[in-house]
Amino acid sequence: MARRKIVAGNWKMNMTPSEAVKLVETLKPLVANEEVDVVFCVPAIDIIPVMEAAKGSNIQVGAENMYFEEKGAYTGEISPAMLTDVGVKYVVLGHSERREYFAETSETVNKKMLKAFEHGITPIMCCGESLEQREQGITMDWIRQQVKVGFLNVTADQAKTAVIAYEPIWAIGTGKTATTEQAQEVCAEIRKCIAEIYDDATAAEIRIQYGGSVNAKTAPDLFAQADIDGGLVGGASLKEEFGKIVNYK
Ligand code: 13P
């Protein structure tokens, strides 16, 4: 079974609500590609205006983070029900920037994964090694650990619907894309890891993205790799270039 490609933008901490609406108006016609799932993962305050602006288009809206409790005294957090109430279908979890600056760990990512599935939100779970880890030759061990802990107690049926984004930290925002060989190698290893945790059928269904300085030039080769099912795009998702990335073929 061929996996459907998924190209997601991660806006990070960019775009005020009024800027967001303008950007969606600009990108709407450019990202029209019915063969690909197109997701805009946007800051929480932009979710509702982006949803409104994206109405009638193929753009789906995702969040960049979510908390693992239902509700209560967690000042500043966004609950899963708040997201589903407005129709959010995807959430980025465990981005390396959240791990680095906001004390996110694989354990908290796992709690968020379980909560997301419980609420029918598809997680886009990020993993990736630092340059130091790559140079030490521990990339695969590190990624396997992130995947195994992230998917703890996730059922095979849930895992099948998940998205994993492989984002080498050294390639994020640096203009330094991993080579297609490097990206494919790790994405294949992630799929193997999923097959070991679950089975071949689950591994064949789960979608794995590459992220890290993806641009209109690098996307076609990357997305053509056997184990790469699309991309998680930062900087280039804020520009018209994102249309070219979505229409990479
Ligand atoms: P860039 O595409 O800006 O390198 O960001 C990648 C990323 O972190 C997406 O989540």
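Calculation notes
Residues numbered from 1 in each chain as written. Predicted model: local features only at pLDDT ≥ 70, side-chain atom pairs only at ≥ 80, totals over all residues. Heavy atoms only, no water. Near = heavy atom within 4 Å. Polar contact = N/O pair within 3.5 Å; in protein donor to acceptor, adjacent residues only side chain to side chain. Areas by Shrake-Rupley, 256 points an atom, 1.4 Å probe, with all protein chains shown as cover. 1 Å grid on protein atoms, 1.4 Å probe; cavity = no way out; pocket = protein on both sides within 12 Å on 5 of 7 lines; lining within 4 Å. Sits in = over half its atoms within 2 Å of the grid points. Nonpolar A, V, L, I, M, F, W, Y, C, P; charged D, E, K, R; others polar. Core = buried A, V, L, I, M, F, W, Y, C linked by side-chain atoms within 4.5 Å. Buried < 20%, exposed > 50% of the residue type's maximum accessible area, 1.4 Å probe, protein only. Helix = DSSP H or I, 4+ residues; strand = E, 2+ residues; numbered from the N terminus. Contact = heavy atoms within 4.5 Å. Arc of directions from axis to C-beta. Pairing = 2+ DSSP bridges. Axes fitted to C-alpha atoms, helices over the stretch in contact; angles between N-to-C directions.

(A) Structural view of the site of the ligand. By nearness alone, every residue bordering the ligand is listed as Asn10, Lys12, His95, Glu167, Ala171, Ile172, Gly173, Gly212, Ser213, Leu232, Gly234 and Gly235. Within the side chain of Glu167, an N or O atom sits 2.8 Å from an oxygen atom of the ligand. The separation between an oxygen atom of the ligand and a polar main-chain atom of Gly234 is 2.9 Å. Taken by itself the ligand offers 310 Å² of open surface, and the protein chains cover 95% of this. Its atoms largely coinciding with the cavity grid, the ligand occupies the second largest pocket. Here the shell around the ligand is built from residues that sort into 3 nonpolar, 7 polar and 2 charged.

(B) Layout of the nonpolar core. Of all hydrophobic cores here, the largest spans 65 residues; its most connected members are Phe40, Val147, Phe151 and Phe242. Among the elements that make up this core, the one with the highest residue count is helix α9 (residues 180–197) (7 residues). Leaving out residues up to four positions away in the same chain, Phe40 has contacts with Gly9, Trp11, Val24, Leu27, Val31, Ile59, Gln60, Val61, Gly62 and Phe242. Listed in part, the 11 residues of the second largest apolar core include Ile124, Cys126, Val163 and Leu232.

(C) Representation of helix α2 (residues 47–54). Among all positions in α2, only Ile47, Val50, Met51, Ala53 and Ala54 are buried. All buried residues of α2 lie within an arc of 170 degrees about the axis, which places them on one face of the element. Elements in contact with the buried residues of α2: α1 (17–30), β2 (36–42), β3 (59–63) and α3 (80–85). Backbone geometry just downstream of α2 places Gly56 in the positive-phi region, at approximately 80 degrees.

(D) View of the sheet that holds β3. What the 8 strands build is a closed barrel, ordered β1-β2-β3-β4-β5-β6-β7-β8; its pairing is parallel. Geometrically, the sheet is characterised by an average inter-axis angle of 25 degrees between neighbouring strands, direction not taken into account. One ladder, built from 4 bridges, connects strand β6 (residues 163–166) with strand β7 (residues 207–211); its direction is parallel. Within β7, the position partnered with Tyr166 by the bridge is Tyr210. Sitting on the sheet, helix α5 (residues 106–118) is in contact with β4 (90–93) and β5 (122–127), with an inclination near 175 degrees to β4. Running at roughly 155 degrees to β5, helix α7 (residues 139–150) makes contact with β5 and β6 of the sheet.

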